Structure formats: C-alpha cells, structure tokens
Amino acid sequence: MLGRSSLAGVESFAGVKRRGAGRLLPARLGEYELFDHIGRGGMADIYRARKSGDFGVVREVVVKEILPELAQSERLAELLAAAARTASKLEHTNVVRIEDLQRDDRTLFIAMEYVDGLDLRELLRQCSRRGAWIPPELSVRIVIELLRALDYAHRFELQDADGNVRVGVIHRDVSPSNVLLSFEGEVKLCDFGIAKSYDGEIGEHATTIDGMVEGKAGYMSPEQARGEALDARADVFAAGIILWELLSARKFYKAQAGETLFDVARRAPSRPLPEKGLPAEHVVRALLAKALSDRREDRFGSAAEMQRELERYAARASLVASPLKLRRFLQDNVAPVVLEARRRRELAARAIARGPIAEIEPVTIDTTPPPAIVRKTSPAWSAVVIVALALILAGAILLSR
Ligand SMILES: Nc1ncnc2c1ncn2[C@@H]1O[C@H](COP(=O)(O)OP(=O)(O)OP(=O)(O)O)[C@@H](O)[C@H]1O
Ligand SMILES: [Mg+2]
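Values in this document were obtained by computation on a predicted structure and should not be read as measured data.

### A word on helix α6 (residues 232–248)
Here α6 contains 17 residues, and its C-alpha end-to-end distance of 25 Å stays within 8% of the 24 Å for a straight helix at 1.5 Å per residue. The element α6 is largely enclosed, with a buried count of 16 among its 17 residues. Positive backbone phi, approximately 60°, marks Ala-249, located one or two places after α6.

Here it is in structure tokens:
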C-alpha cells in the first residue's frame, strides 16, 4: 500500500522487504496481524501481534520471526523448529508459553504468550541509567522464580514418537534478555532451547552451523564455552551469574585486552561476590562461590537445590519479597518509561498505517490566459473624443485649401 513505510523510515516498493526495523507495519503473517516491532535479537524480529478468533475474541501474542537469511538454512530451521516444538510442551507459570509454530518455504515464526512488561536486561539498563539499583530482596526473588522455571524444565519428561522417555529440557541461553518481568510482578523465562551461534552471529560470519556453540558468552558456563556436552548444571551456572550481577551491580565476566568473553568463560575465573554490606553476606557469598564453581561436581546438583539454598538465605537475611513488591518496584521505576516508548511506537505505526494526510492527485491547471484588462470609457467621453477628432479633421481640410 502506498504511503506506508517501516518505522525505520525506509520505503520499499516490493512491499515486504526486510530491514533493520523489521517488516513494514501493520503486516500479516498467517493468522497474525503484526502491529508493533518490539525488538530484534541475534536471530529474530519480535512483534506484538493480534489473532482474531470466533465471536470477536482477540488474543494478543508475540510473534518471533526468524530472520529470513537464517530461516533459509534448512538445518538451522529444523533445529529451531525442533526446539520450539519441545518448548511448546512446557506449561509453567514461570515459563513463556509457546502457542504456535509455522513454517513455509520463506518464513519460520513462533507465536508465544505476550508478557506485558520488560526483560531483565532492559531493567538493568534503566536502573544504571538512573544510578539506581534493584533492591537485593527483589534480586533474590527474581532468581528464585528463574530457578523454579529451570527446575520444572529440567525435570520435564519428553516422550518421542516411539514412546521413549527422555528427562529434562535444557535452556542453554539463560541470560537477562530471556528473563521477562511482567508489570504484574511475574518472572517468566523464554526462548527454551533456541540455538545460538558461536559469537552471536549466524550466517556469513558463522564458522558452520555444526560448529555453533549455543548460548550467550556473558552468561555461559565454562563447559558450554569449551564446547563440551551440557547438562542442567550449565543453566544453573547461568542463574548464578545473574544473581551475582544483580547483587553486585557489576558484570561477572570481564575480558582483558585481546580476549573475548568466550575466552573468559573458557578459563572460568573465580570471582567472589564483592562485599556489599548485605545481611548475612557470608552466606550468599558462599552460595555464589558454589554456584559458580568451574567443576560441575562442585556446584549445586540441580536448580531445585540452589533454589532451596537461596530461599533459606532469603529467610535468614530477611530478604523476602512478594510478587506485589516486584510489581510496585516496576510500576514506580520503569513502567512509565516503557509505556511511553510503546505509546509512541504505536502512534507512529498507526499514523503510518493511515497513510499520508493528503493524497496527491494530478491537478488540472487552467492554461487560458487571463482576460486583458480593458479600461472602460464612458459613452459621454467617447462622443466628446469623436466630435473633437471630427473638428480637427475639418480644420485641417479648411487650412489645406
Ligand atoms: N513473549 C514475549 N513477550 C514480551 N516481550 C518479549 C517476548 N519475547 C521476547 N520479548 C522481547 O523481545 C526482545 C528480543 O527478543 P529476542 O529473543 O529476539 O532477542 P534477545 O533475547 O535480546 O537476544 P537473543 O537473540 O540473543 O536471544 C527481548 O529481549 C524481550 O524484551
Ligand atoms: Mg531471547
């Protein structure tokens, strides 16, 4: 449709061209009407979308559309589709529900529960921008909820087509951008099992898909960075890094010059939690030292075990917080900023969808020259002029005789 452009302001006459800011909006993808582009990660564009059902029922969901250059890779598309199929079986209050998976020769997309809020990475950004920090009792609460999600998934029994049962779904990419916080105070983990490329890049820059290491380097366990076989303890390790960073307001992995975060993760530095003056601090420092041990055998055996220890610490240190407290914190500190940014995007998208204010149509220009300006002379004056001319003429005749 003429007059629409993507939010990036890049126009395409082909109609569905892709660019930095995703599709032209609004757009339709299967039964979903995409109306807001909320982000782009390493592999996909994320949209808010509506699905209209019978009797006027409209559901809001999130559509994660895998970048076309990745969706075209048969092997990667298979991997992602398999991960989404597995994740769609998980049903837990701390896990983002997968609702749909669709694939054709050009696109691959996943529709999932929409979490009205923000992700933990964005919360950390907002807090550091304001020079504020998340209270420790909320940090502890967030990680307890994250561990509940992991414990559920790690115990989940998957049955294949032949009836064989396999226990445990490993996330592989537990990181703040995959921890969603709703404005109601819920904590939900998304993107279960979604494969990641070696350095966050897939496509031209990747070594090969076979050589891919999954997960984000900043939250990677040493065994994952070394490319070893993974078990649930890799996810628990990542939850440990998140707790360490939330409590210390610092990054756990710090690269030296010439080093990547993968190198850091591989060499598994030991970093005790800095002293922050937390109540019963030695307890949480010991807990984190255990969670972040290089050798898996020295860590917590399961997410449930770490959750138990953390709950015990929270009770002992009086750092117990309810979802209500998290809700209040988000409402007071970040909801206005997030909602205002969203409102602006929606207004822009609506304005773009409406099209230009005035249609430019060919205008017929009247090329007839304007009538000449004629000074009107009164009849009396005309008679006087005629008589004068006649007298002059007669005089001239008489003189010439
Ligand atoms: N179900 C959801 N509800 C609400 N927001 C979501 C949902 N899923 C993702 N988002 C938002 O979209 C952002 C981008 O998600 P996406 O998974 O594509 O990238 P990422 O997590 O930032 O990076 P990566 O590709 O490395 O996982 C998330 O950080 C989150 O803010
Ligand atoms: Mg993600």
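### Description of the confidence of the model for the chain
Summing up the model confidence of the chain, the mean pLDDT is 84 and the portion of residues at 70 or higher is 82%. Low pLDDT (under 50) marks residues 1–19, which in the prediction has 32 contacts with non-local residues, meaning those over four places away or in another chain. Here residues 195–215 is a poorly scored stretch, pLDDT under 50, and it has 40 contacts once near neighbours within four places are set aside; other chains count.

### Description of the pairing of strand β3 (residues 44–52)
Where strand β2 (residues 32–40) meets β3, 7 bridges bridge the pair, whose relative direction is antiparallel. Looking at β3, one finds that Arg-40 is bridged to Asp-45. Where β2 folds back onto β3 in an antiparallel hairpin, the turn is made up of 3 residues. Sheet analysis places β3 next to strand β4 (residues 58–66), joined by 9 bridges and oriented antiparallel. For Ala-44, the partnering residue across the bridge sits in β4 and is Ile-66. Where β3 folds back onto β4 in an antiparallel hairpin, the turn is made up of 5 residues, including Phe-55, whose phi is positive at roughly 55°.

### Observations regarding the site of ligand 1
Within the structure, ligand 1 sits among 20 residues, and Gly-39, Gly-41, Gly-42, Asp-119 and Ser-177 are positioned closest to it. Of all elements in the fold, only β2, β3 and β6 (108–113) reach the threshold of two or more residues within the shell around ligand 1.

### Overview of the environment of Ser-322
Positionally, Ser-322 belongs in the loop between α9 (303–316) and α10 (323–333). By C-beta crowding, Ser-322 is classed as exposed, having 11 other C-beta atoms within 10 Å. Separated by 137 residues in sequence, Ser-322 and Gly-185 place their C-alpha atoms 8.4 Å apart.

### Details of the sheet that holds strand β7 (residues 117–119)
Strand pairing in a sheet relies on backbone hydrogen bonds, with the paired strands running either antiparallel or parallel. Taken together, the 3 strands give an open sheet; going across it, the order is β7-β10-β11, and neighbouring strands pair in antiparallel fashion. A single partner strand is all that each edge strand has here, and the edge strands are β7 and β11 (187–189). The sheet shows a mean angle of 25° between the axes of neighbouring strands, direction not considered. Sheet analysis places strand β10 (residues 179–182) next to β11, joined by 3 bridges and oriented antiparallel. Each bridged residue has a counterpart across the sheet, and for Leu-181 the counterpart in β11 is Val-187. Each of β7 and β10 is contacted by helix α3 (residues 120–130), which is oriented at about 90° to β7, the strand it contacts most.

### Concerning the packing of helix α8 (residues 281–291) against α9
It is at 10 Å that the axes of α8 and α9 come closest, and there the two elements cross at 170°. On the basis of the axis angle, α8 is roughly antiparallel to α9. Considering how the two elements wind past one another, α8 and α9 form a crossing that is left-handed. Taken together, the residues of α9 that come into contact with α8 (itself represented by Val-283, Val-284, Leu-287 and Ala-291) are Met-306, Glu-309, Leu-310, Tyr-313 and Arg-316. Residue composition of the contact of α8 with α9, grouped by class: 7 nonpolar, no polar and 2 charged.

### Quick look at the packing of helix α4 (residues 136–155) against α9
Between α4 and α9, the least distance of the axes is 8 Å, while the angle of their chain directions is 155°. Between α4 and α9, the crossing angle belongs to the class labelled roughly antiparallel. Of the two elements, α4 crosses α9, and the hand of that crossing is left-handed. Taking contact as the criterion, the partners of Val-140, Val-143, Ile-144, Leu-147, Arg-148, Leu-150, Asp-151 and His-154 in α4 are, on α9, Ala-303, Ala-304, Met-306, Gln-307, Leu-310, Glu-311 and Ala-314.

Reading the values: the criteria
Residues numbered from 1 in each chain as written. Chains lettered and ligands numbered in written order. Predicted model: local features only at pLDDT ≥ 70, side-chain atom pairs only at ≥ 80, totals over all residues. Helix = DSSP H or I, 4+ residues; strand = E, 2+ residues; numbered from the N terminus. Expected span 1.5 Å × (residues − 1). Buried ≥ 20, exposed ≤ 12 C-beta atoms within 10 Å, placed from the backbone. pLDDT = per-residue confidence, 0-100. Contact = placed C-beta atoms within 7 Å. Pairing = 2+ DSSP bridges. Near = placed C-beta within 6 Å. Axes fitted to C-alpha atoms, helices over the stretch in contact; angles between N-to-C directions. Parallel < 35°, antiparallel > 145°, perpendicular 65-115°, else oblique. Left-handed = near helix turned anticlockwise from the far one by under 90°. Nonpolar A, V, L, I, M, F, W, Y, C, P; charged D, E, K, R; others polar.

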